[in-house]
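The primary structure of each chain is shown beneath.
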Amino acid sequence: LGLVINVKKGQQLAEVIPPTMGIPGMTVTGKSVKAKDGKEERIHAGKNVVISEDGLRAYADIDGQPVLEDNKLNVLPILEIKGDVGTATGNIDFLGSVIVLGNVKSGFAIKATQDLEVYGIVEAAQIEVGGNIMIRRGIQGQGKGILKAGQDFSARYIENATVEAGNDIIIAEAAMHSHLIAGKNI
């Protein structure tokens, strides 16, 4: 859905265009209208943003998501989804870590270059991250869920899903009718 904007380290985020002098106008009755000159603006750098020496350009200091908060431009390395990953969010593709406070619904995908933490349940979703995957509750993959972690994977339970981890797979309770592949230990 285009809700998430990714920027790479060194990418230009903003540029200040110098103000111009106002040009006097005229009303419909022919009276002269005095013009206002443009005002000079500044970029206020927040976290992970670098301003050029001339103060006219802002650049990302890390990979992440640009966010404007309290009139300051920030680049955040973590994307927080306050609800479910589903029709309201669409698929997620993020340069950094992702936290999902709800569930990941069937048919949706998450890609992240770093870690993923899901507080709810993962249904028949496609997930691939470069770092760790931590599912606080569990996976109900319906035979279609595929989760790939570049490092470690942990969940309370796994049901009808395929899980791959570069290192370890840690299951707190049970894994049922699932296919597990680990680089080191299960």
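All of these numbers come straight from a predicted model, not from anything done at the bench.

Definitions and limits used
- Residues numbered from 1 in each chain as written.
- Predicted model: local features only at pLDDT ≥ 70, side-chain atom pairs only at ≥ 80, totals over all residues.
- Heavy atoms only, no water.
- Buried < 20%, exposed > 50% of the residue type's maximum accessible area, 1.4 Å probe, protein only.
- Helix = DSSP H or I, 4+ residues; strand = E, 2+ residues; numbered from the N terminus.
- Pairing = 2+ DSSP bridges.
- Salt bridge = Lys/Arg side-chain N within 4 Å of Asp/Glu carboxyl O.

Visitor: For this particular structure, what's the right way to read the pairing of strand 13 (residues 126-129)?
Guide: It is a general feature of regular strands that their side chains alternate between the two faces of the sheet. Only one face of strand 13 is buried: it carries Ile127 and Val129, and the other face, with Gln126 and Glu128, is open. As judged from the 4 bridges shared by strand 11 (residues 109-112) and strand 13, these two strands associate in the parallel manner. When the bridges of strand 13 are listed, isoleucine 110 appears paired with isoleucine 127. Where strand 13 meets strand 14 (residues 133-149), 4 bridges bridge the pair, whose relative direction is parallel. Note that in strand 14 the partner of glutamine 126 across the bridge is isoleucine 146.

Visitor: Would you take a moment to explain the pattern of salt bridges for this structure?
Guide: Note that side chains of opposite charge can pair when their charged atoms are close. Tallied over the full model, the rule gives 5 salt bridges. Between aspartate 84 and lysine 105 there is a salt bridge, with the nearest N and O atoms lying 3.9 Å from each other. With aspartate 84 in the loop between strand 8 (78-81) and strand 9 (92-94) and lysine 105 in the loop between strand 10 (97-100) and strand 11, this residue pair connects regions lying 21 residues apart in the sequence.

Visitor: Explain the pairing of strand 14 here, please?
Guide: As judged from the 3 bridges shared by strand 12 (residues 116-118) and strand 14, these two strands associate in the parallel manner. Bridged to valine 118 within strand 14 is isoleucine 135. As judged from the 11 bridges shared by strand 14 and strand 15 (residues 153-165), these two strands associate in the parallel manner. Following the sheet pairing, isoleucine 133 is matched in strand 15 by phenylalanine 153.

Visitor: Help me understand unusual backbone geometry in this model?
Guide: What you tend to see is this: most non-glycine residues have negative phi, and most peptide bonds are trans. Within the chain, asparagine 71 stands out as a residue other than glycine whose phi angle is a positive 65°. With respect to the element layout, asparagine 71 can be found in the loop between strand 6 (65-69) and strand 7 (72-76). A relative accessible area of 55% places asparagine 71 in the exposed class. The backbone of glutamine 142 sits at a positive phi, close to 55°, despite the residue not being glycine. The topology assignment puts glutamine 142 in strand 14.

Keep in mind that these numbers describe shape and distance, not what the molecule does.
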